[in-house]
Amino acid sequence: MHQSSLARVLLVLLLLAVGCRDPAPSHGGTKDPAPAVEFVLAAGDSAFWVTSDTGGIRTRGAPLELARFGGRFFELYVVDDDFSFQGAELTGQSLYRRDLRTGDSVLVFTDSIVPALAREYARLHPDDHRIAPDEYPDDDPLWHATATLDLGAAHGSFVSYSLHTDVERGSAPLWHMSRRGVLDLRTGKPATLASIVGLDVGEVERLRGVAMQSAVDSVRARRDDGGRRASEQLANYRLDPASFGITTVEGGPAVEYALPGSGEGDAGHALPLAPIRFGEPIWWRDVAPSLPTSSADGSRDVWLRGRYAVVVRYDTNGDARLAIRDSTSREWPVGRVSAPAKRIYWLDRPTMDGETRHALSRAFDEAAVYAVESRVASRRAPPQWAFARYVKRPRAERPVRR
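Residues numbered from 1 in each chain as written. Predicted model: local features only at pLDDT ≥ 70, side-chain atom pairs only at ≥ 80, totals over all residues. Heavy atoms only, no water.

## Things to note about the sheet that holds strand β20 (residues 320–326)
Part 1: The strand order across the open sheet built from five strands is β17-β18-β19-β20-β21, with neighbouring strands paired in antiparallel fashion. Of all strands in the sheet, those with a lone pairing partner are β17 (293–294) and β21 (331–337), marking the two edges.
Part 2: In this structure, β20 lies alongside β21, joined through six bridges in antiparallel fashion. The residue bridging Ala320 from the neighbouring strand is Val337, located in β21. (Pairing = 2+ DSSP bridges. Helix = DSSP H or I, 4+ residues; strand = E, 2+ residues; numbered from the N terminus.)

Here is the structure:
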């Protein structure tokens, strides 16, 4: 496992061990029970399952990315795809969606640049060979290529992502590529703008042109050294109508475009545009209750749920603390969670059925096991489900050049 990945896992486990114990009441020493609630909070790259009843407040957490649509929970996980040769260290990434009830995994997305580089390398170096799982590339390989896929918040069946690729070939300068996108987890294909914004397509496209011109004018108006360098890089950016993510503006849905970048240095970073608000389509009705209302200064997120509320407070150190609040403003602390808190999946009203409860519990149990294992998948042996997809490889102990 990469050292940074191991550090993140250890931090999550520490949060779960220290911050998620059943706390004592915080309001004037009252011993009254907290409101009866049950939900899963998605925070950072983890999930926290909170249950409050007459027995007290119980919390369990796991480094788990969840999505829910069609009344079912799905786990989202990214695996490394190793295309390395003896003389080339090539690592791509893919996104899978696993149905928690059936355990079936479906490939949703895979980057295309690293596989293409592997084919090109094989053509140019016919005497080299793909390495086996227990082999290492040369200490100083001719080529390096690494793709990094980062997931954004899931909005129902839509999940946003950003993809960044670093490529180094021989004596050529280090080359980068960055872009964004939205995937439809139902189909495993890129989501179209029309499927997201509905009838507002024309207006969003018009405002996209306005936002793009505004970003270009803003860069050119700068007179400092950074502005001059940015102006020189503008030629490297182009409009990709599919390079956007879903976000929120004033509590409503919005799309945020980013002009893909490719090239050396700063040219390999995406250029974000101002978010574009659109009307509330049908799918937003199911998403809206899962999203918080944020305070003006960004120090607090609140979810209102009938006679109680869920509150997450952030401090200057970046810590987040979770609490349950009743209608009289009494609060019961739950513990520390990862930051930022992104959404809540409500498990009460309607009450979660037994099959879903069993599937969710099993997913949390499994995540506690595979959290400390490297997720490496070979394209020659695609993952099936659960533990079959998490393959330990001795070579994972070597630091990967980024």
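After that view of the structure, there is still more to cover.
## Topic: the packing of aromatic side chains
Part 1: Throughout the structure, instances matching the rule amount to 12 aromatic pairs.
Part 2: Here the aromatic rings of Phe73 and Tyr345 are separated by 5.6 Å at their centres, their planes lie at 85 degrees, and the arrangement is edge-to-face. With a gap of 272 residues between them, Phe73 in strand β5 (residues 72–82) and Tyr345 in strand β22 (residues 341–346) connect regions that are remote in the sequence.
Part 3: On the basis of relative accessibility, which here comes to 5%, the residue Phe73 falls in the buried class.
Part 4: For the ring pair Tyr308 and Trp346, a centre distance of 6.3 Å and an interplane angle of 70 degrees mean the geometry is edge-to-face. (Phe/Tyr/Trp six-rings, centres within 6.5 Å; stacked < 30°, edge-to-face > 60°. Buried < 20%, exposed > 50% of the residue type's maximum accessible area, 1.4 Å probe, protein only.)

## Comments concerning the sheet that holds β22
Part 1: Across the sheet, four strands lie side by side as β3-β2-β1-β22; this open sheet has antiparallel pairing. Each edge of the open sheet carries a strand with a single partner, namely β3 (56–62) and β22. Each strand of the sheet is rotated relative to its neighbour by a mean of 20 degrees, with strand direction disregarded. (Axes fitted to C-alpha atoms, helices over the stretch in contact; angles between N-to-C directions.)

## Overview of helix α2 (residues 113–124)
Part 1: Between the first and last C-alpha of α2 there are 16 Å, a value that for 12 residues agrees with the 16 Å anticipated at 1.5 Å per step.
Part 2: All of the buried residues along α2 are Val114, Pro115, Leu117, Ala118 and Tyr121. All buried residues of α2 project into a common sector of 160 degrees when viewed along the axis, lining one side. Those residues of α2 that are exposed and aimed more than 90 degrees away from the buried face are Arg119 and Arg123.
Part 3: Next to the buried residues of α2 lie β6 (88–99), β8 (143–155) and β9 (158–169). (Expected span 1.5 Å × (residues − 1). Arc of directions from axis to C-beta. Contact = heavy atoms within 4.5 Å.)

## Quick look at helix α4 (residues 201–221)
Part 1: Here α4 is 21 residues long and its end C-alpha atoms lie 30 Å apart, about the 30 Å a rise of 1.5 Å per residue gives.
Part 2: Among all positions in α4, only Val201, Val204, Arg208, Ala211, Ala215, Val216 and Val219 are buried. The buried residues of α4 occupy an angular sector of 130 degrees when projected down its axis, which confines them to one face.

## Considering the environment of Val201
Part 1: Checked against the element boundaries, Val201 lands in helix α4.
Part 2: When the C-alpha atoms of Val201 and Phe278 are compared, they prove to be 8.9 Å apart, with 77 residues separating the residues in sequence.
Part 3: Setting aside anything within four residues of it in sequence, one finds Val201 in contact with Leu193 and Ala194.

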